[in-house]
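Each chain, written out:
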Amino acid sequence: MLRISNTVVLEEHEIEWQAVRAQGGGGQKVNKTSSAVHLRFAIPGSSLPEVYQTRLMARAGADQRITRDGTIVIKAQQYRSREANLEDARRRLAAIVAAAGQTPKKRRPTRPSKSARRKRTDEKKHRGRLKAMRGRGAPSD
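Now for a description of the structure that goes with this document.

The rules behind these values
- Residues numbered from 1 in each chain as written.
- Predicted model: local features only at pLDDT ≥ 70, side-chain atom pairs only at ≥ 80, totals over all residues.
- Heavy atoms only, no water.
- Helix = DSSP H or I, 4+ residues; strand = E, 2+ residues; numbered from the N terminus.
- Rg over C-alpha atoms; globule rule 2.2 N^0.38 Å.
- Buried < 20%, exposed > 50% of the residue type's maximum accessible area, 1.4 Å probe, protein only.
- Areas by Shrake-Rupley, 256 points an atom, 1.4 Å probe, with all protein chains shown as cover.
- Lys, Arg positive; Asp, Glu negative; His and termini not counted.
- Charge placed at Lys NZ, Arg CZ, Asp CG, Glu CD.
- Axes fitted to C-alpha atoms, helices over the stretch in contact; angles between N-to-C directions.
- Parallel < 35°, antiparallel > 145°, perpendicular 65-115°, else oblique.
- Contact = heavy atoms within 4.5 Å.
- Nonpolar A, V, L, I, M, F, W, Y, C, P; charged D, E, K, R; others polar.
- Pairing = 2+ DSSP bridges.
- Salt bridge = Lys/Arg side-chain N within 4 Å of Asp/Glu carboxyl O.

1. Quick notes on the overall build of the protein chain
Thought 1: Counting secondary structure elements, the protein chain contains three helices and five strands.
Thought 2: Helices and strands in the protein chain line up, N terminus first, as β-β-β-β-α-β-α-α.
Thought 3: Here the C-alpha atoms of the protein chain give a radius of gyration of 28 Å, more than 25% beyond the 14 Å that 2.2 N^0.38 yields for 141 residues.
Thought 4: Here the C-alpha coordinates of the protein chain stretch approximately 85 × 45 × 25 Å along the principal axes.
Thought 5: Burial statistics for the protein chain: of 141 residues in total, 26% are counted as buried.
Thought 6: Accessible area of the protein chain: about 11,000 Å², with a carbon and sulfur share of 49%.
Thought 7: Across the protein chain, 32 positive and 13 negative side-chain charges occur, with their mean positions spaced 13 Å apart.

2. With respect to the packing of helix H1 (residues 50-58) against helix H2 (residues 82-101)
Thought 1: Relative to each other, H1 and H2 sit at 105°, their axes nearing to 8 Å. Between H1 and H2, the interaxial angle falls into the category roughly perpendicular. Taken together, the residues of H2 that come into contact with H1 (itself represented by Tyr52, Arg55 and Leu56) are Ile96, Val97, Ala100 and Gly101.
Thought 2: Residue composition of the contact of H1 with H2, grouped by class: five nonpolar, one polar and one charged.

3. Description of the sheet that holds strand E4 (residues 36-42)
For sheets, the rule is that strands pair by backbone hydrogen bonds, running either parallel or antiparallel.
Thought 1: Here we have three strands laid out as an open sheet, ordered E3-E4-E5, and antiparallel in their pairing. Two strands in the sheet have a free side with no partner beyond their single neighbour: strand E3 (15-20) and strand E5 (71-76). Across the sheet, the mean angle separating the axes of adjacent strands is 15° when strand polarity is ignored.
Thought 2: Relative to E4, E3 is paired through six bridges, and the arrangement is antiparallel. Note on E4: the bridge partner recorded for isoleucine 15 is phenylalanine 41.

4. A closer look at the side chain of arginine 90
Thought 1: In this structure, arginine 90 sits in helix H2.
Thought 2: Beyond its immediate sequence surroundings of up to four residues, arginine 90 is in contact with Met1, Leu2, Glu12, Ile15 and Leu39.

5. Some points on the pattern of salt bridges
Thought 1: Under the defined criterion, the tally for this structure stands at three salt bridges.
Thought 2: Put simply, arginine 91 and aspartate 88 hold a salt bridge, and the shortest N to O gap is 3.6 Å. One end of the pair, arginine 91, and the other, aspartate 88, are both in helix H2, three residues apart, so they sit about a helical turn from each other.
Thought 3: On the accessibility criterion, aspartate 88 (7% relative accessible area) is buried.

If you want it as structure tokens, here you go:
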């Protein structure tokens, strides 16, 4: 069981993982041990609440870890042991799902102050006068 929050829990049978060989340089046992972990979690049909599912699916285009069909794929190979990499992958999955549970902050539209508007128009007028002085027929210094 992977606890996301007080109310949201992912069941073990929904999380699928596979040990694979890690990339990069290694030592003598590098070609014999499979210490990296591929973790897969299918969003549709999972026990996640509907709100979490829709938010995660909406991020599918922007987040490269989420496929178009709604599967979260995480590759963990930071540590030398399979157990540590599996724990790292589970922690990262929990972070992704927990981030989908947070409601985005609503934008409150603001307006520039009266003095800021006045300062902007004064600056525009000043620039206009400066450029008008560069044209033909303008008095030269």
